[in-house]
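Close look at the chain arrangement
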Amino acid sequence: AAAAAAAGGAPAYLSKEEVAQLDDDAFFEAYKAGRIRRREDALTPENWEKEIEKIPLFMTKNPTAEEVAASPDLQALQTMLAEHTPDETAEYHKKHGNAAFQKAKQTKDKKLRMSEFRKAMEQYTDGLNCGCENKEIMSVLFSNRAAISVYLGNNRSALTDCVDAAKWNPKNIKAYFRGASATLSLERFDDCVKWCDDGLMVDPTNVELADIRKEALAKKAALEKKKRQQERDERKARETTAALEAAVVSKKIRVKGLKPPASDHLGDVSVRLDAEGRLHWPVLLLYPEHQQTDVIQDFSEDQTFLDHLLAVFAESPPWDPSRAYQAANLDVYFECRLEHSKQTLYRVKPDSTLLSTLQHPKFLVENGVPAFIVVVRGSPYTEGWLKRYDAVR
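This text gives an overview of the structure that appears in the document. (Residues numbered from 1 in each chain as written. Predicted model: local features only at pLDDT ≥ 70, side-chain atom pairs only at ≥ 80, totals over all residues. Heavy atoms only, no water.)

1. Things to note about empty space enclosed by the protein
Across all of its chains, the model carries one cavity of 30 Å³ or more by this definition. Of the voids in this model, the largest cavity is the one considered here, and its volume is about 40 Å³. In this structure, the largest cavity is lined by Leu-285, Ile-296, Phe-299, Phe-305, His-308, Leu-309, Val-332 and Val-374. Among the secondary structure elements, those contributing two or more residues to the lining of the largest cavity are strand E4 (292-300) and helix H14 (305-312). No other element matches H14, which puts three residues into the lining of the largest cavity. For the lining of the largest cavity, a count of residues per class yields seven nonpolar, one polar and no charged. (1 Å grid on protein atoms, 1.4 Å probe; cavity = no way out; pocket = protein on both sides within 12 Å on 5 of 7 lines; lining within 4 Å. Points joined across faces, edges and corners; volume = space filled by probe spheres on them. Helix = DSSP H or I, 4+ residues; strand = E, 2+ residues; numbered from the N terminus. Nonpolar A, V, L, I, M, F, W, Y, C, P; charged D, E, K, R; others polar.)

In C-alpha coordinates:
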(Lines give C-alpha, C1' and ligand atoms only; values in the text may rest on other atoms or scores of the structure.)
Protein backbone atom coordinates (compact mmCIF):
# COMPACT_ATOMS: atom_id res chain seq x y z
CA ALA A 1 0.00 0.00 0.00
CA ALA A 2 2.85 2.36 0.88
CA ALA A 3 4.56 1.59 -2.43
CA ALA A 4 1.35 2.27 -4.32
CA ALA A 5 0.83 5.55 -2.50
CA ALA A 6 4.46 6.55 -3.15
CA ALA A 7 4.03 5.80 -6.83
CA GLY A 8 0.93 8.04 -6.91
CA GLY A 9 -1.45 5.15 -7.49
CA ALA A 10 -4.77 4.44 -5.78
CA PRO A 11 -4.53 3.17 -2.17
CA ALA A 12 -4.81 -0.59 -1.78
CA TYR A 13 -8.09 -2.05 -0.48
CA LEU A 14 -8.07 -3.59 3.00
CA SER A 15 -8.78 -7.27 3.22
CA LYS A 16 -11.96 -8.56 4.86
CA GLU A 17 -9.90 -9.64 7.87
CA GLU A 18 -8.37 -6.15 8.20
CA VAL A 19 -11.77 -4.48 7.90
CA ALA A 20 -13.15 -6.75 10.62
CA GLN A 21 -10.51 -5.45 13.05
CA LEU A 22 -11.45 -1.76 12.60
CA ASP A 23 -13.55 0.17 15.09
CA ASP A 24 -16.22 2.57 13.79
CA ASP A 25 -14.00 5.64 13.58
CA ALA A 26 -11.23 3.75 11.81
CA PHE A 27 -13.72 2.19 9.42
CA PHE A 28 -15.12 5.57 8.34
CA GLU A 29 -11.63 7.00 7.94
CA ALA A 30 -10.65 4.06 5.74
CA TYR A 31 -13.90 4.39 3.78
CA LYS A 32 -13.28 8.06 3.10
CA ALA A 33 -9.73 7.26 2.02
CA GLY A 34 -11.08 4.79 -0.56
CA ARG A 35 -9.62 1.69 1.14
CA ILE A 36 -12.93 -0.13 1.65
CA ARG A 37 -14.01 -2.06 -1.42
CA ARG A 38 -17.62 -1.37 -2.37
CA ARG A 39 -19.95 -4.23 -3.19
CA GLU A 40 -20.84 -4.39 -6.83
CA ASP A 41 -24.55 -4.18 -5.96
CA ALA A 42 -24.12 -1.31 -3.51
CA LEU A 43 -26.46 1.66 -3.74
CA THR A 44 -25.10 4.84 -5.28
CA PRO A 45 -26.47 8.39 -5.40
CA GLU A 46 -27.43 7.70 -9.00
CA ASN A 47 -29.32 4.42 -8.54
CA TRP A 48 -30.63 4.31 -4.99
CA GLU A 49 -34.20 5.49 -5.80
CA LYS A 50 -34.56 2.95 -8.60
CA GLU A 51 -33.16 0.12 -6.46
CA ILE A 52 -35.28 0.99 -3.41
CA GLU A 53 -38.37 0.90 -5.63
CA LYS A 54 -37.66 -2.79 -6.29
CA ILE A 55 -38.07 -3.64 -2.59
CA PRO A 56 -41.74 -4.57 -1.92
CA LEU A 57 -41.85 -2.64 1.36
CA PHE A 58 -40.90 0.62 -0.34
CA MET A 59 -42.79 0.28 -3.63
CA THR A 60 -44.94 3.31 -4.50
CA LYS A 61 -47.04 1.55 -7.16
CA ASN A 62 -48.36 -1.92 -7.85
CA PRO A 63 -45.83 -4.12 -9.69
CA THR A 64 -46.52 -5.38 -13.21
CA ALA A 65 -46.78 -9.08 -14.02
CA GLU A 66 -43.28 -8.93 -15.55
CA GLU A 67 -41.84 -7.37 -12.38
CA VAL A 68 -43.45 -10.07 -10.25
CA ALA A 69 -42.04 -12.81 -12.50
CA ALA A 70 -38.54 -11.30 -12.15
CA SER A 71 -38.65 -10.84 -8.36
CA PRO A 72 -38.51 -13.76 -5.92
CA ASP A 73 -39.48 -11.38 -3.11
CA LEU A 74 -42.67 -10.33 -4.88
CA GLN A 75 -43.50 -13.93 -5.70
CA ALA A 76 -43.06 -14.87 -2.05
CA LEU A 77 -45.29 -11.99 -0.99
CA GLN A 78 -48.01 -13.02 -3.44
CA THR A 79 -47.80 -16.57 -2.15
CA MET A 80 -48.24 -15.30 1.40
CA LEU A 81 -51.27 -13.27 0.37
CA ALA A 82 -52.76 -16.23 -1.50
CA GLU A 83 -52.56 -18.26 1.71
CA HIS A 84 -54.91 -15.78 3.44
CA THR A 85 -58.69 -15.59 3.15
CA PRO A 86 -60.25 -12.71 1.15
CA ASP A 87 -61.30 -11.10 4.43
CA GLU A 88 -57.74 -11.29 5.77
CA THR A 89 -56.35 -9.89 2.53
CA ALA A 90 -58.85 -7.04 2.59
CA GLU A 91 -57.89 -6.30 6.20
CA TYR A 92 -54.23 -6.28 5.17
CA HIS A 93 -54.91 -3.72 2.41
CA LYS A 94 -57.04 -1.64 4.76
CA LYS A 95 -54.23 -1.52 7.34
CA HIS A 96 -51.61 -0.46 4.81
CA GLY A 97 -54.01 2.02 3.20
CA ASN A 98 -54.67 3.61 6.58
CA ALA A 99 -50.93 3.90 7.24
CA ALA A 100 -50.38 5.66 3.90
CA PHE A 101 -53.42 7.88 4.50
CA GLN A 102 -52.14 9.02 7.88
CA LYS A 103 -48.68 9.67 6.46
CA ALA A 104 -50.21 11.77 3.67
CA LYS A 105 -52.16 13.90 6.14
CA GLN A 106 -49.14 14.47 8.37
CA THR A 107 -46.51 15.40 5.79
CA LYS A 108 -45.99 18.95 4.58
CA ASP A 109 -44.20 17.84 1.42
CA LYS A 110 -46.75 18.20 -1.40
CA LYS A 111 -45.13 15.62 -3.67
CA LEU A 112 -44.89 13.05 -0.87
CA ARG A 113 -48.46 13.78 0.21
CA MET A 114 -49.81 13.04 -3.25
CA SER A 115 -47.69 9.90 -3.48
CA GLU A 116 -49.07 8.62 -0.16
CA PHE A 117 -52.64 9.50 -1.11
CA ARG A 118 -52.20 7.53 -4.33
CA LYS A 119 -50.71 4.62 -2.43
CA ALA A 120 -53.59 4.62 0.06
CA MET A 121 -56.13 4.78 -2.77
CA GLU A 122 -54.52 1.77 -4.44
CA GLN A 123 -54.50 -0.20 -1.19
CA TYR A 124 -58.19 0.45 -0.54
CA THR A 125 -59.07 -0.41 -4.13
CA ASP A 126 -57.08 -3.67 -3.93
CA GLY A 127 -58.94 -4.52 -0.72
CA LEU A 128 -62.28 -3.90 -2.41
CA ASN A 129 -61.31 -6.15 -5.33
CA CYS A 130 -60.13 -9.21 -3.41
CA GLY A 131 -63.53 -10.85 -2.95
CA CYS A 132 -64.10 -9.87 0.67
CA GLU A 133 -67.63 -10.49 1.98
CA ASN A 134 -67.16 -8.93 5.40
CA LYS A 135 -69.69 -6.08 5.47
CA GLU A 136 -67.85 -4.02 8.06
CA ILE A 137 -64.47 -4.25 6.27
CA MET A 138 -66.01 -3.47 2.88
CA SER A 139 -67.87 -0.48 4.31
CA VAL A 140 -64.69 0.90 5.88
CA LEU A 141 -62.73 0.42 2.65
CA PHE A 142 -65.34 2.35 0.67
CA SER A 143 -65.61 5.03 3.36
CA ASN A 144 -61.84 5.48 3.64
CA ARG A 145 -61.42 5.71 -0.10
CA ALA A 146 -64.15 8.36 -0.05
CA ALA A 147 -62.16 10.27 2.59
CA ILE A 148 -59.18 10.49 0.22
CA SER A 149 -61.46 11.76 -2.56
CA VAL A 150 -62.83 14.43 -0.22
CA TYR A 151 -59.27 15.53 0.62
CA LEU A 152 -58.43 15.73 -3.09
CA GLY A 153 -61.65 17.57 -3.97
CA ASN A 154 -63.10 14.67 -5.99
CA ASN A 155 -66.46 15.00 -4.29
CA ARG A 156 -68.53 13.10 -6.85
CA SER A 157 -66.26 10.05 -6.56
CA ALA A 158 -66.42 10.39 -2.78
CA LEU A 159 -70.20 10.46 -2.86
CA THR A 160 -70.36 7.26 -4.93
CA ASP A 161 -68.13 5.47 -2.42
CA CYS A 162 -70.17 6.79 0.53
CA VAL A 163 -73.34 5.35 -0.98
CA ASP A 164 -71.65 1.92 -1.23
CA ALA A 165 -70.19 2.26 2.28
CA ALA A 166 -73.66 2.88 3.74
CA LYS A 167 -75.10 -0.06 1.80
CA TRP A 168 -72.50 -2.47 3.19
CA ASN A 169 -72.88 -1.18 6.73
CA PRO A 170 -75.77 1.22 7.48
CA LYS A 171 -74.24 1.94 10.91
CA ASN A 172 -70.91 3.25 9.57
CA ILE A 173 -71.17 6.82 10.85
CA LYS A 174 -68.11 7.95 8.88
CA ALA A 175 -69.91 7.08 5.65
CA TYR A 176 -72.64 9.58 6.53
CA PHE A 177 -70.15 12.23 7.64
CA ARG A 178 -68.14 11.95 4.43
CA GLY A 179 -71.27 11.81 2.28
CA ALA A 180 -72.49 14.98 4.00
CA SER A 181 -69.09 16.66 3.47
CA ALA A 182 -69.07 15.77 -0.23
CA THR A 183 -72.62 16.99 -0.90
CA LEU A 184 -71.94 20.19 1.07
CA SER A 185 -68.92 20.92 -1.17
CA LEU A 186 -71.07 20.19 -4.23
CA GLU A 187 -73.69 22.66 -2.90
CA ARG A 188 -76.31 19.90 -2.95
CA PHE A 189 -77.74 21.16 0.30
CA ASP A 190 -80.92 19.06 0.41
CA ASP A 191 -78.88 15.89 -0.14
CA CYS A 192 -76.44 17.05 2.54
CA VAL A 193 -79.25 17.47 5.07
CA LYS A 194 -80.51 13.96 4.25
CA TRP A 195 -77.05 12.45 4.78
CA CYS A 196 -76.91 14.25 8.13
CA ASP A 197 -80.42 13.15 9.13
CA ASP A 198 -79.69 9.51 8.22
CA GLY A 199 -76.43 9.66 10.16
CA LEU A 200 -78.08 11.26 13.19
CA MET A 201 -80.55 8.39 13.28
CA VAL A 202 -77.52 6.11 13.78
CA ASP A 203 -75.80 8.46 16.24
CA PRO A 204 -78.17 11.19 17.54
CA THR A 205 -75.37 12.82 19.56
CA ASN A 206 -72.94 13.25 16.67
CA VAL A 207 -71.84 16.88 16.88
CA GLU A 208 -70.02 16.94 13.53
CA LEU A 209 -73.11 15.86 11.60
CA ALA A 210 -75.28 18.35 13.49
CA ASP A 211 -72.84 21.15 12.61
CA ILE A 212 -72.73 20.19 8.93
CA ARG A 213 -76.54 20.06 8.85
CA LYS A 214 -76.72 23.55 10.35
CA GLU A 215 -74.15 24.85 7.86
CA ALA A 216 -76.00 23.28 4.92
CA LEU A 217 -79.31 24.89 5.93
CA ALA A 218 -77.62 28.28 6.38
CA LYS A 219 -75.89 28.07 3.00
CA LYS A 220 -79.11 26.92 1.33
CA ALA A 221 -80.96 29.92 2.78
CA ALA A 222 -78.18 32.29 1.67
CA LEU A 223 -78.15 30.80 -1.84
CA GLU A 224 -81.93 31.09 -2.16
CA LYS A 225 -81.76 34.71 -0.97
CA LYS A 226 -79.04 35.44 -3.52
CA LYS A 227 -81.10 33.83 -6.29
CA ARG A 228 -84.17 35.88 -5.35
CA GLN A 229 -82.08 39.07 -5.45
CA GLN A 230 -80.64 38.09 -8.85
CA GLU A 231 -84.14 37.49 -10.17
CA ARG A 232 -85.27 40.90 -8.89
CA ASP A 233 -82.21 42.57 -10.42
CA GLU A 234 -82.74 40.81 -13.75
CA ARG A 235 -86.42 41.75 -13.78
CA LYS A 236 -85.59 45.37 -12.98
CA ALA A 237 -82.91 45.42 -15.70
CA ARG A 238 -85.41 44.07 -18.24
CA GLU A 239 -87.97 46.66 -17.24
CA THR A 240 -85.37 49.45 -17.40
CA THR A 241 -84.22 48.32 -20.85
CA ALA A 242 -87.79 48.09 -22.11
CA ALA A 243 -88.59 51.60 -20.83
CA LEU A 244 -85.38 52.95 -22.36
CA GLU A 245 -86.07 51.40 -25.76
CA ALA A 246 -89.65 52.68 -25.68
CA ALA A 247 -88.41 56.21 -24.90
CA VAL A 248 -85.93 56.12 -27.77
CA VAL A 249 -88.64 54.99 -30.18
CA SER A 250 -91.16 57.55 -28.92
CA LYS A 251 -88.60 60.38 -29.34
CA LYS A 252 -87.90 59.20 -32.92
CA ILE A 253 -84.17 58.67 -32.41
CA ARG A 254 -82.48 56.26 -34.80
CA VAL A 255 -80.14 53.86 -33.07
CA LYS A 256 -77.95 50.90 -33.96
CA GLY A 257 -77.46 49.30 -30.57
CA LEU A 258 -77.73 50.96 -27.18
CA LYS A 259 -74.90 49.19 -25.32
CA PRO A 260 -71.50 50.88 -25.54
CA PRO A 261 -68.50 48.65 -26.33
CA ALA A 262 -66.15 47.77 -23.49
CA SER A 263 -63.57 50.52 -23.39
CA ASP A 264 -61.26 52.07 -20.81
CA HIS A 265 -61.72 55.36 -22.63
CA LEU A 266 -65.51 55.39 -22.30
CA GLY A 267 -65.64 53.88 -18.84
CA ASP A 268 -68.76 52.23 -17.44
CA VAL A 269 -71.38 54.57 -18.91
CA SER A 270 -74.51 54.10 -20.99
CA VAL A 271 -77.69 55.93 -21.89
CA ARG A 272 -80.26 56.13 -19.09
CA LEU A 273 -83.80 57.38 -18.59
CA ASP A 274 -84.46 59.62 -15.58
CA ALA A 275 -87.63 59.85 -13.53
CA GLU A 276 -88.92 62.80 -15.62
CA GLY A 277 -88.52 60.83 -18.86
CA ARG A 278 -85.37 62.61 -20.07
CA LEU A 279 -82.64 60.63 -21.79
CA HIS A 280 -79.06 61.11 -20.61
CA TRP A 281 -76.39 60.04 -23.09
CA PRO A 282 -72.64 59.49 -23.00
CA VAL A 283 -71.37 61.72 -25.82
CA LEU A 284 -68.05 61.47 -27.64
CA LEU A 285 -66.37 64.69 -28.83
CA LEU A 286 -63.66 64.24 -31.47
CA TYR A 287 -60.91 66.78 -32.22
CA PRO A 288 -59.32 65.51 -35.47
CA GLU A 289 -56.81 68.36 -35.74
CA HIS A 290 -55.06 67.15 -32.59
CA GLN A 291 -56.25 63.51 -32.61
CA GLN A 292 -57.82 63.99 -29.20
CA THR A 293 -61.19 63.05 -27.71
CA ASP A 294 -63.41 63.90 -24.77
CA VAL A 295 -66.23 61.88 -23.25
CA ILE A 296 -69.17 63.73 -21.73
CA GLN A 297 -70.57 61.01 -19.51
CA ASP A 298 -73.93 62.63 -18.82
CA PHE A 299 -75.31 64.85 -21.61
CA SER A 300 -79.00 65.41 -20.91
CA GLU A 301 -81.23 65.64 -23.97
CA ASP A 302 -82.43 69.13 -22.98
CA GLN A 303 -78.91 70.58 -22.66
CA THR A 304 -77.23 72.47 -25.51
CA PHE A 305 -73.84 71.91 -27.06
CA LEU A 306 -72.77 75.35 -25.94
CA ASP A 307 -73.48 74.38 -22.32
CA HIS A 308 -70.92 71.59 -22.51
CA LEU A 309 -68.36 73.34 -24.71
CA LEU A 310 -68.18 76.17 -22.17
CA ALA A 311 -67.53 73.62 -19.42
CA VAL A 312 -65.03 71.52 -21.40
CA PHE A 313 -62.95 74.51 -22.49
CA ALA A 314 -63.23 76.58 -19.34
CA GLU A 315 -59.51 75.92 -19.18
CA SER A 316 -57.37 75.27 -22.23
CA PRO A 317 -56.23 71.65 -22.56
CA PRO A 318 -52.48 70.86 -22.72
CA TRP A 319 -52.75 69.99 -26.41
CA ASP A 320 -54.03 73.53 -27.26
CA PRO A 321 -51.16 75.86 -26.30
CA SER A 322 -52.45 78.56 -28.70
CA ARG A 323 -55.83 78.61 -26.87
CA ALA A 324 -57.67 78.38 -30.18
CA TYR A 325 -60.31 76.08 -28.72
CA GLN A 326 -62.69 78.60 -27.13
CA ALA A 327 -66.42 77.84 -27.13
CA ALA A 328 -67.22 80.90 -29.22
CA ASN A 329 -64.70 79.86 -31.91
CA LEU A 330 -65.85 76.27 -32.40
CA ASP A 331 -68.07 74.48 -34.89
CA VAL A 332 -69.71 71.14 -34.19
CA TYR A 333 -70.50 68.59 -36.92
CA PHE A 334 -71.74 65.05 -37.26
CA GLU A 335 -71.20 62.58 -40.06
CA CYS A 336 -74.14 60.92 -41.76
CA ARG A 337 -73.74 57.24 -40.81
CA LEU A 338 -76.81 55.88 -42.58
CA GLU A 339 -76.28 53.20 -45.21
CA HIS A 340 -76.10 54.21 -48.87
CA SER A 341 -75.52 57.83 -47.90
CA LYS A 342 -72.84 60.07 -49.35
CA GLN A 343 -69.98 61.15 -47.12
CA THR A 344 -71.79 64.18 -45.81
CA LEU A 345 -71.20 66.47 -42.81
CA TYR A 346 -73.99 68.22 -40.96
CA ARG A 347 -73.30 71.32 -38.91
CA VAL A 348 -74.87 71.55 -35.46
CA LYS A 349 -75.86 74.97 -34.09
CA PRO A 350 -74.20 75.60 -30.70
CA ASP A 351 -77.55 76.43 -29.06
CA SER A 352 -79.15 73.22 -30.35
CA THR A 353 -80.27 70.72 -27.74
CA LEU A 354 -78.96 67.19 -27.89
CA LEU A 355 -82.48 65.84 -28.43
CA SER A 356 -83.17 68.03 -31.46
CA THR A 357 -79.85 66.93 -32.98
CA LEU A 358 -80.46 63.22 -32.34
CA GLN A 359 -83.88 63.58 -33.99
CA HIS A 360 -82.24 64.81 -37.20
CA PRO A 361 -83.31 62.45 -40.03
CA LYS A 362 -79.67 61.82 -40.98
CA PHE A 363 -78.33 61.14 -37.47
CA LEU A 364 -77.66 57.58 -36.33
CA VAL A 365 -76.60 56.68 -32.79
CA GLU A 366 -74.21 53.71 -32.91
CA ASN A 367 -73.61 51.51 -29.86
CA GLY A 368 -75.40 53.95 -27.57
CA VAL A 369 -72.77 56.73 -27.91
CA PRO A 370 -73.56 59.79 -30.09
CA ALA A 371 -70.35 61.16 -31.65
CA PHE A 372 -69.63 64.72 -32.77
CA ILE A 373 -66.64 66.41 -34.41
CA VAL A 374 -65.36 69.72 -33.02
CA VAL A 375 -63.08 72.04 -35.02
CA VAL A 376 -61.93 75.66 -34.89
CA ARG A 377 -64.10 77.77 -37.17
CA GLY A 378 -62.26 79.20 -40.20
CA SER A 379 -58.84 77.75 -39.33
CA PRO A 380 -56.57 76.54 -42.16
CA TYR A 381 -56.90 72.97 -40.84
CA THR A 382 -60.70 73.17 -40.81
CA GLU A 383 -60.83 74.53 -44.37
CA GLY A 384 -58.77 71.64 -45.64
CA TRP A 385 -60.61 69.09 -43.53
CA LEU A 386 -64.04 70.14 -44.85
CA LYS A 387 -62.90 69.51 -48.41
CA ARG A 388 -62.61 65.78 -47.68
CA TYR A 389 -66.39 65.45 -47.62
CA ASP A 390 -68.80 65.26 -50.54
CA ALA A 391 -71.07 67.83 -48.97
CA VAL A 392 -71.44 69.99 -45.91
CA ARG A 393 -74.90 70.96 -44.78
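2. Section: the nonpolar core
Ranked by size, the top nonpolar core spans 33 residues in total, and within it Ile-253, Leu-279, Trp-281, Val-283, Leu-354, Leu-358 and Phe-372 carry the most contacts. Listing elements by their share of this core, those giving two or more residues are helix H13 (207-250), strand E3 (279-287), E4, H14, strand E5 (330-335), strand E6 (344-348), helix H15 (354-358) and strand E8 (371-376). With five residues, the top contributor of residues to this core is E3. Grouped together as the second largest cluster of nonpolar side chains are 19 residues, Ala-146, Ala-158, Ala-180 and Leu-186 included. (Core = buried A, V, L, I, M, F, W, Y, C linked by side-chain atoms within 4.5 Å. Buried < 20%, exposed > 50% of the residue type's maximum accessible area, 1.4 Å probe, protein only.)

3. Quick notes on helix H10 (residues 155-168)
Residue pairs spaced three or four apart in an α-helix point in one direction, given the helix's 3.6 residues per turn. With 14 residues, H10 extends 20 Å between its outermost C-alpha atoms, agreeing within 8% with the 20 Å of an ideal straight helix rising 1.5 Å per residue. Elements that come into contact with the buried residues of H10 comprise helix H9 (135-152), helix H11 (173-185) and helix H12 (189-202). (Expected span 1.5 Å × (residues − 1). Contact = heavy atoms within 4.5 Å.)

4. Concerning the packing of aromatic side chains
Given two aromatic rings, their pairing is described by the distance between the two centres and the angle made by the two planes. Throughout the structure, instances matching the rule amount to 17 aromatic pairs. Ring centres 6.0 Å apart and planes at 85 degrees place the aromatic pair Tyr-287 and Tyr-325 in the edge-to-face group. With Tyr-287 in strand E3 and Tyr-325 in the loop between H14 and E5, this residue pair connects regions lying 38 residues apart in the sequence. Seen in terms of ring centroids, Phe-313 and Trp-319 are 6.4 Å apart; in terms of plane orientation they differ by 90 degrees. Their pairing is edge-to-face. Summarising the burial analysis for this pair, Phe-313 and Trp-319 share the class buried. Put simply, the rings of Phe-299, Phe-305, Phe-334, Tyr-346, Phe-363 and Phe-372 pair up and form one aromatic cluster. Over the ring of Phe-101 we find Lys-105; its NZ or CZ atom is 4.7 Å from the centre of that ring. (Phe/Tyr/Trp six-rings, centres within 6.5 Å; stacked < 30°, edge-to-face > 60°. Lys NZ or Arg CZ within 6 Å of the ring centre and 35° of its normal.)

5. Section: a nonpolar patch on the surface
Taken together, Met-114, Tyr-151 and Leu-152 make up a surface patch of nonpolar side chains, about 290 Å² in accessible area. The partly exposed category is assigned to Leu-152, whose relative accessible area is 32%. (Patch = residues over 30% accessible without salt bridge, like charges linked within 9 Å, V, L, I, M, F, W, Y side chains within 5 Å. Areas by Shrake-Rupley, 256 points an atom, 1.4 Å probe, with all protein chains shown as cover. Salt bridge = Lys/Arg side-chain N within 4 Å of Asp/Glu carboxyl O.)

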